[in-house]
Amino acid sequence: MENETDVLFCNQIKEILSSARSKAYSAANFAMVESYWLIGKSIAEQQDGNHTAEYDSQLLNELSTRMIADFGKGFDETNLKTMRQFYLTFLNRDALCRELSWSHYRLLMRVENESARQFYIDECVKSNWSIRQLERQINTHSYERLLASMTTGLD
């Protein structure tokens, strides 16, 4: 039979490892979010001097072909366009939240109203929303309902 001290010690070691794994996952996740932002920025800057649809399509096609060869299928033209949109939606890199994943940001980009988007970001971080929870909040117009209830309360 194990004594209580051994069990507590083992649980302490497990907690240290679990915490380290969580921190490593979070750091790797945020590094990828930042890299997608930087890729989006690079694409937007490259396109800035040449606004023809033909050039944009050619640039993304060539970049996609090279990136897929080097890094795999996650860099098709659609994903590269999404990365560009990510940069254009979140111009301030320092405002990106470490707590949010790429999947969170892809959902948040669909929210056109900046105040609503910021509300969802703040609530997502504060309440540790999963992607599904965030999607449900956006789809049920949580921000708009909150605003409506606040203005109704002022009457």
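Values in this document were obtained by computation on a predicted structure and should not be read as measured data.

A. Quick peek at the packing of helix α1 (residues 4-48) against helix α3 (residues 77-89). It is at 7 Å that the axes of α1 and α3 come closest, and there the two elements cross at 90°. Relative to α3, α1 is oriented roughly perpendicular. Note on element contacts: α3 touches α1 through Leu80, Met83, Arg84, Phe86, Tyr87 and Leu88, opposite Val33, Tyr36, Trp37, Ile39, Gly40, Lys41, Ile43, Ala44 and Gln47.

B. How the structure looks around the packing of aromatic side chains. For the structure shown, the criterion picks out nine aromatic pairs. For the ring pair Trp37 and Tyr87, a centre distance of 5.1 Å and an interplane angle of 70° mean the geometry is edge-to-face. Remark: Tyr87 occurs in helix α3 and Trp37 occurs in helix α1; sequence separation between them is 50 residues. Residues Trp37 and Tyr87 agree in their burial class; the two are buried. Pairing Phe86 with Tyr105 gives two aromatic rings, centres 5.1 Å apart and planes at 55°, and the pair type is tilted. Note that Phe86 is positioned in helix α3 and Tyr105 in helix α4 (residues 102-108), a separation of 19 residues in sequence. Exposure class is identical for Phe86 and Tyr105. Each is buried.

C. How the structure looks around the pattern of salt bridges. In the structure shown here, the tally under the stated rule is three salt bridges. Notably, a salt bridge pairs Glu34 with Arg93, separated by 3.5 Å at the nearest N-O pair. Taken together, the residues Glu34 in helix α1 and Arg93 in the loop between α3 and α4 connect sequence positions 59 residues apart. A residue is classified by how much of its surface remains accessible, and Arg93, at 33% relative accessible area, is partly exposed. Between Glu123 and Lys126 there is a salt bridge, and its shortest N-O distance comes to 3.1 Å. Linking Glu123 with Lys126, this pair stays in helix α5 (residues 114-127), spanning three residues, or about one helical turn.

D. Representation of the environment of Gln58 within the structure. Among the structural elements, Gln58 can be located in helix α2 (residues 53-71). It is 42 Å that separates the C-alpha atoms of Gln58 and Ser127, two residues lying 69 residues apart in sequence.

Basis of the calculations
- Residues numbered from 1 in each chain as written.
- Predicted model: local features only at pLDDT ≥ 70, side-chain atom pairs only at ≥ 80, totals over all residues.
- Heavy atoms only, no water.
- Axes fitted to C-alpha atoms, helices over the stretch in contact; angles between N-to-C directions.
- Helix = DSSP H or I, 4+ residues; strand = E, 2+ residues; numbered from the N terminus.
- Parallel < 35°, antiparallel > 145°, perpendicular 65-115°, else oblique.
- Contact = heavy atoms within 4.5 Å.
- Phe/Tyr/Trp six-rings, centres within 6.5 Å; stacked < 30°, edge-to-face > 60°.
- Buried < 20%, exposed > 50% of the residue type's maximum accessible area, 1.4 Å probe, protein only.
- Salt bridge = Lys/Arg side-chain N within 4 Å of Asp/Glu carboxyl O.

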